[in-house]
Amino acid sequence: MVELHPSTYLQAAAWVPDDDPERPWEDAADRAADWIWGRSEVEGIAPLLVTNTFQNGVGIGCLDEIARRGGQATPQGKQRFDRGPVLAYVPDERTLKFALDLARGYSLAVVETVSFPLAEWAAGAEPSTCSTEYELEQHPGRRQGRPRSRGVFRRQ
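Throughout what follows, the structure given in this document is the object of discussion. Keep in mind that this is a model prediction, so the values were computed, not measured.

**Things to note about the packing of aromatic side chains**
Move 1: Within this structure, the stated rule accounts for one aromatic pair.
Move 2: Look at Trp25 and Tyr89: their rings are 6.4 Å apart centre to centre, the planes differ by 80°, and that puts the pair in the edge-to-face class. With Trp25 in helix 1 (residues 25-43) and Tyr89 in strand 4 (residues 86-89), this pair connects stretches of sequence that are 64 residues apart.

Written out as structure tokens, the structure reads:
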């Protein structure tokens, strides 16, 4: 039996804090996507993208890939999804709660936005945070021919 976090009921959690005003949103999304794809492989199910609206994240390749392969959900959407690993992209409070429910029993990666800080959530959920180290072997073969400069997520 898989051990779940006692308050979030997640196998694992990670976040990309909005702590670098120079970091492009695509880079933050890439870091979270790389991590959630790794967890997806472990958990045996494609991840789901959760956003505030269906327009959030449009045109960001890694988010488009998750939406295409695993689906995209919003709190106001009518389509319902089974639980599984989730990437929540710049959620507000309602969207984070929705993402936590969909990820229950699986893993959750969150990209933070300054308009909804996640420090309080992070204090309780104890997610891994992003470092600046390179991830070279996490997903060999995915996006071949392109240097990998994605963040590695670790517990602090």
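**Digging into the nonpolar core**
Move 1: Core analysis: the biggest nonpolar cluster contains 20 residues, and Leu63, Ile66, Leu87, Tyr89 and Val111 have the highest contact counts within it.
Move 2: Mapped onto this core, the elements with two or more residues apiece are strand 1 (12-16), helix 1, helix 2 (61-70), strand 4 and strand 5 (107-111).
Move 3: Ile66 has contacts with Ala33, Ile36, Trp37, Pro47, Leu48, Leu49, Gly71 and Leu87, leaving out every residue within four places of it along the chain.
Move 4: Core analysis: the second largest hydrophobic core is formed by 19 residues, Leu100, Leu102, Ala103 and Leu108 among them.

**Examining the pattern of salt bridges**
Move 1: As enumerated under the stated definition, the model contains six salt bridges in all.
Move 2: Put simply, Asp27 and Arg31 hold a salt bridge, and the shortest N to O gap is 3.0 Å. Of this pair, Asp27 and Arg31 are both found in helix 1, four residues apart, which corresponds to roughly one turn of the helix.
Move 3: Where Arg39 meets Glu43, a salt bridge forms, and the shortest distance between an N and an O atom there is 3.0 Å. Highlighted residues: Arg39 and Glu43, both in helix 1, separated by four residues, approximately one helical turn.
Move 4: For Arg39, a relative accessible area of 18% translates into the label buried.

Cut-offs and rules
Residues numbered from 1 in each chain as written. Predicted model: local features only at pLDDT ≥ 70, side-chain atom pairs only at ≥ 80, totals over all residues. Heavy atoms only, no water. Phe/Tyr/Trp six-rings, centres within 6.5 Å; stacked < 30°, edge-to-face > 60°. Helix = DSSP H or I, 4+ residues; strand = E, 2+ residues; numbered from the N terminus. Core = buried A, V, L, I, M, F, W, Y, C linked by side-chain atoms within 4.5 Å. Buried < 20%, exposed > 50% of the residue type's maximum accessible area, 1.4 Å probe, protein only. Contact = heavy atoms within 4.5 Å. Salt bridge = Lys/Arg side-chain N within 4 Å of Asp/Glu carboxyl O.

Function cannot be read off these values alone, since they describe shape.
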